[in-house]
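# Structural characterization, general
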Amino acid sequence: MGGGRRPAWDAYFMDIAGVVASRSTCLRRRVGAVLVRDKRILATGYNGAPSGLHHCLEAGCLRDRLQVPAGERHEICRGSHAEQNVLVQAARYGIAVDGATLYCTNEPCVICTKLLINAGIKDIVYRDDYPDELARQLRAEAGLPTRVHR
């Protein structure tokens, strides 16, 4: 094996979130999420339609057809966000996430922020901004540290 430099933990987990995002079926934005505790991956998730349903790649995007801006009208999207899916995967397989760190390619929206707060996520690390001021306000009010890693 080579003697190259090892990536720092944040870089390592953000790189993994990027690979997870490559599985996304969203036509607008590919997002990947990784839950980590004690430097161990608990679960991963990416954005896309629920299991067994037609993906946006096949069914098209209603939000695109209606020209809905980013950060608005999440309820008409057929897909779930990566942050929602990582929490669902952990729940499905009985993995406790209290005290975990979320690594995500994008800053969480308000819906995901509420779920992350209630799940006991202790820290959020993201790469790309997302236009949702209420999400930022809720994270600040909850004392949920959020930091950018680019």
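Just so it is clear, the structure is predicted and the values come from calculations on it, not from any experiment.

### Considering the sheet that holds strand 2 (residues 40–46)
Read from one edge to the other, the open sheet built from five strands follows the order 2-1-3-4-5, with strand pairing classed as mixed. Each of the sheet's edge strands pairs with one partner strand only, and the pair in question is strand 2 and strand 5 (146–148). When strand polarity is set aside, the average angle formed by the axes of neighbouring strands in this sheet is 20°. One ladder, built from five bridges, connects strand 3 (residues 101–106) with strand 4 (residues 123–128); its direction is parallel. Looking at the pairing, cysteine 104 lines up with tyrosine 126 of strand 4.

### So, the packing of helix 5 (residues 110–119) against helix 6 (residues 133–142)
It is at 8 Å that the axes of helix 5 and helix 6 come closest, and there the two elements cross at 20°. With respect to each other, helix 5 and helix 6 are oriented roughly parallel. At the point where helix 5 passes helix 6, the crossing takes the right-handed sense. Seen from helix 5, the contacting residues are Val110, Thr113, Lys114 and Ile117; seen from helix 6, they are Leu134, Ala135, Leu138, Arg139 and Ala142. Tallied by class, residues from the contact of helix 5 with helix 6 come to six nonpolar, one polar and two charged.

### Focus on the nonpolar core
One finds Leu35, Val86, Leu87, Leu102 and Ile121 to be the most contacted residues of the largest nonpolar core, which totals 17 residues. Mapped by element, the contributors of at least two residues to this core are strand 1 (32–37), strand 2, helix 4 (82–92) and strand 3. The dominant element in this core, judged by the number of residues it contributes, is helix 4, at four residues. When residues no more than four places from it in sequence are discounted, the contact partners of isoleucine 121 are Leu35, Leu87, Val97, Ala100, Leu102, Leu116 and Leu144.

### Here we look at the side chain of arginine 63
Following the sequence through the fold, arginine 63 ends up in helix 3 (residues 62–65). Buried within the structure, arginine 63 lacks any salt-bridge partner; glutamate 72 is the closest side chain of opposite charge, at an N-O distance of 7.2 Å. Looking at arginine 63, its side chain comes within polar contact range of the main-chain oxygen of glutamate 72, at 2.7 Å. Beyond its immediate sequence surroundings of up to four residues, arginine 63 is in contact with Arg28, Val68, Pro69, Ala70, Gly71, Glu72, Arg73, Ile76 and Cys77.

### Re the pattern of salt bridges
Applying the stated rule across the entire model yields nine salt bridges. A salt bridge links arginine 28 to aspartate 64; the nearest nitrogen and oxygen atoms lie 2.8 Å apart. With arginine 28 in the loop between helix 1 (9–21) and strand 1 and aspartate 64 in helix 3, the pair connects residues that are 36 residues apart, well separated along the chain. Between aspartate 129 and arginine 150 there is a salt bridge, and its shortest N-O distance comes to 3.5 Å. Taken together, the positions of aspartate 129 in the loop between strand 4 and helix 6 and arginine 150 in the segment after strand 5 put the pair 21 residues apart, joining distant regions of the chain. With a relative accessible area of 41%, aspartate 129 lands in the partly exposed category.

Calculation rules
Residues numbered from 1 in each chain as written. Predicted model: local features only at pLDDT ≥ 70, side-chain atom pairs only at ≥ 80, totals over all residues. Heavy atoms only, no water. Pairing = 2+ DSSP bridges. Helix = DSSP H or I, 4+ residues; strand = E, 2+ residues; numbered from the N terminus. Axes fitted to C-alpha atoms, helices over the stretch in contact; angles between N-to-C directions. Parallel < 35°, antiparallel > 145°, perpendicular 65-115°, else oblique. Left-handed = near helix turned anticlockwise from the far one by under 90°. Contact = heavy atoms within 4.5 Å. Nonpolar A, V, L, I, M, F, W, Y, C, P; charged D, E, K, R; others polar. Core = buried A, V, L, I, M, F, W, Y, C linked by side-chain atoms within 4.5 Å. Buried < 20%, exposed > 50% of the residue type's maximum accessible area, 1.4 Å probe, protein only. Lys, Arg positive; Asp, Glu negative; His and termini not counted. Salt bridge = Lys/Arg side-chain N within 4 Å of Asp/Glu carboxyl O. Polar contact = N/O pair within 3.5 Å; in protein donor to acceptor, adjacent residues only side chain to side chain.

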